[in-house]
Amino acid sequence: MDISVKDFGELSGQIVQEYTLTNRYGVSLSAMTYGAAITSIRVPDKNGLIENIVLGYDTLDEYVSYRPYYGATVGRVAGRIDKGKFTLEGKNYQLETNDKTNHSHGGNYGLDTKIWTVKTESTENEGHLIFTYKSLHGENGYPGNLSVQVTYTLTESSEWKISYQATTDKTTLFNPTNHVYFNLSGDPTKAINQHVLALTSEYFAELKEDYIPTGILLPVKETPFDFMTADAVNKGFESTHPQNQLVSGYDHPFVLEHIDEKPEAVLSDTISGRRVQMTTDRDAVVIFAVNTLDGRHDNEGNAEESYAGIALEAQNLPNAINQKGFGKVILHPNETFHSETTYRFDTML
Ligand code: G6D
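A few points on the structure. The structure displayed is predicted, hence computed values, not measured ones.

Some thoughts on the pairing of strand β28 (residues 337–347)
Thinking step 1. Looking at chain direction, strand β14 (residues 159–168) and β28 are connected through eight bridges and run antiparallel. Residue pairing across strands places Lys161 opposite Thr342, the latter belonging to β28.

What follows is the structure in C-alpha cells.
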C-alpha cells in the first residue's frame, strides 16, 4: 500500500495536509486533516477507467467557504437537535442553533471545521490514516473533554473502513458520521438520478417542516422510500409523497435492519458499472441527495447541479437525545465509543 502526502492549504496559520492511500489496483483514497475529510476516492469503472467518485473541491478555501460537508467527519452529533436543547444528568443544555431554530451537525464550528492530527500505518494488505482530535469541555456547548479517533483504512480488496473510537471525562453526546457524497459516474456534472439504491430498511423517520423527526417511523412499503428491492433513486425526486416534496427528494434517516452478512446499503451505477456496498454497525443511515442549489459550488465556483451526489451517512437517528426509542447517543466517562462502517467498491459484471 502506497502512502503519499502533500500540503492542501493553510488555515489560521496551520498547514492542512492531504494524505493518499493507493492499493495495488490503483484504487486510492485521499483525506485531509481539515475535518478528517475524504477529498477523493478513485476507483475503476467496468472498462478499468479510474475516476474520482465522490464530491470534493480542489482548494481548501472552497471547503471552508461553502462548507458542504463533502467527505467530512461530522459531530459531536450528526444531524439535528431540536431547538439545540437537551437535558443530561439533570442539567439543561442549550447548544447554538445554527440551522434555523435547531442545532445541526455539531454547530457552526463542528468537528468538520477542525484541523485533526494524523499518523499513518501500513501493512501488506492495508493502509491506515489515523486522525485524532480533542474537543475540549464546552466546545460548541457540549460537556466533557472528548478524545476522538477516526481511522480510515484502505484495503487491497478495495474497501474503505471507517473506525471510530472516543472517550470522555464527563457524560456527553456523541453520534458521528462521515458525510461523503457519491457520484459513481466519475463526473460531478452528471446527476445521480439513475443511480440504483438498495437498503435493508423497512422504516424511515418522518420529518417536520424544520427537518426534525416527528418521532414517527413510517413504513417504506409501497412508498418512494422503499429500497428493500433495488430501485432508481430518482423515484423520490419526482414523487408527490409529502415527505419527498418537503425536501425535494431525500434527506431522511432510514432505520437499518442488520441481516446476517448482507450489506445494509448498495449503491450502483449501471452506466459506469461501479458499485459501493456499505456495511455498518449503526442504527440508521441518512440518505441525502444534493437536492437544491443551496450554495454548493463546483470547483469552478458554479452552483452545483441538483442531485450531483448522494450521501449515505451511517449514524444513529437524529435528535435521539430528545426522542425516546431513537437509540443511544450518550457517552459516559467509563465507556469507549466504538463503531465501524465499511464501503466496498467493485464493478458489476
Ligand atoms: C442540509 O438538511 C440537509 C442535511 O441533512 C445535510 O447534511 C446538509 O444540508 C449538508 O442541511
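Some details on the environment of Gln17
Thinking step 1. Along the polypeptide, Gln17 turns up in strand β2 (residues 14–22).
Thinking step 2. Since its relative accessible area comes to 27%, Gln17 is described here as partly exposed.
Thinking step 3. Between the C-alpha atoms of Gln17 and Val285, which are 268 residues apart in sequence, the distance is 29 Å.
Thinking step 4. Look past the residues within four positions of Gln17 in its chain and what remains in contact with it is Val5, Lys6, Asp7, Phe8, Ala31, Met32 and Thr33.

Regarding the sheet that holds strand β1 (residues 2–11)
Thinking step 1. Overall, antiparallel pairing links the five strands, which are arranged β1-β2-β3-β4-β5 in an open sheet. Each of the sheet's edge strands pairs with one partner strand only, and the pair in question is β1 and β5 (50–52). When strand polarity is set aside, the average angle formed by the axes of neighbouring strands in this sheet is 20 degrees.
Thinking step 2. Across three bridges, strand β4 (residues 37–44) lies against β5 in antiparallel orientation. Its bridge partner being in β5, Arg42 is matched across the sheet by Asn52.

Describing the packing of aromatic side chains
Thinking step 1. Using the criterion set out here, one finds 21 aromatic pairs in the structure.
Thinking step 2. With a centroid separation of 4.8 Å and 20 degrees between ring planes, the pair formed by Trp160 and Tyr343 is classed as stacked. Residue Trp160 is located in strand β14, and its partner Tyr343 is located in strand β28; the two are separated by 183 residues in the primary sequence. Here Trp160 and Tyr343 have matching classes, each one buried.
Thinking step 3. An aromatic cluster is built from Phe8, Tyr57, Tyr63, Tyr66, Tyr70, Tyr181 and Phe288, whose rings are joined through pairwise contacts.
Thinking step 4. A cation over a ring is seen here: Lys235 above Phe227, with NZ or CZ 4.5 Å from the ring centre.

Let's talk about the pairing of strand β13 (residues 146–155)
Thinking step 1. Counting buried residues in β13 gives eight out of 10 residues, a clear majority hidden from the surface.
Thinking step 2. Judged from the 10 bridges that link them, strand β12 (residues 126–135) and β13 form a sheet pairing that is antiparallel. Paired with Glu126 across the two strands is Thr155, which belongs to β13.
Thinking step 3. Inspection of the sheet shows β13 paired to β14 by nine bridges, in the antiparallel sense. Residue pairing across strands places Val150 opposite Tyr164, the latter belonging to β14.

Considering the environment of Thr33
Thinking step 1. In this structure, Thr33 sits in the loop between β3 (28–32) and β4.
Thinking step 2. In this structure Thr33 comes out as buried when scored by relative accessible area, which is 4%.
Thinking step 3. Residues Thr33 and Ile115, spaced 82 residues apart in sequence, show a C-alpha to C-alpha distance of 5.3 Å.
Thinking step 4. Apart from residues no more than four positions distant in its own chain, Thr33 is found in contact with Ile15, Val16, Gln17, Tyr19, Lys114, Ile115, Trp116, Val118 and Phe131.

Rules behind the numbers
Residues numbered from 1 in each chain as written. Predicted model: local features only at pLDDT ≥ 70, side-chain atom pairs only at ≥ 80, totals over all residues. Heavy atoms only, no water. Pairing = 2+ DSSP bridges. Helix = DSSP H or I, 4+ residues; strand = E, 2+ residues; numbered from the N terminus. Buried < 20%, exposed > 50% of the residue type's maximum accessible area, 1.4 Å probe, protein only. Contact = heavy atoms within 4.5 Å. Axes fitted to C-alpha atoms, helices over the stretch in contact; angles between N-to-C directions. Phe/Tyr/Trp six-rings, centres within 6.5 Å; stacked < 30°, edge-to-face > 60°. Lys NZ or Arg CZ within 6 Å of the ring centre and 35° of its normal.

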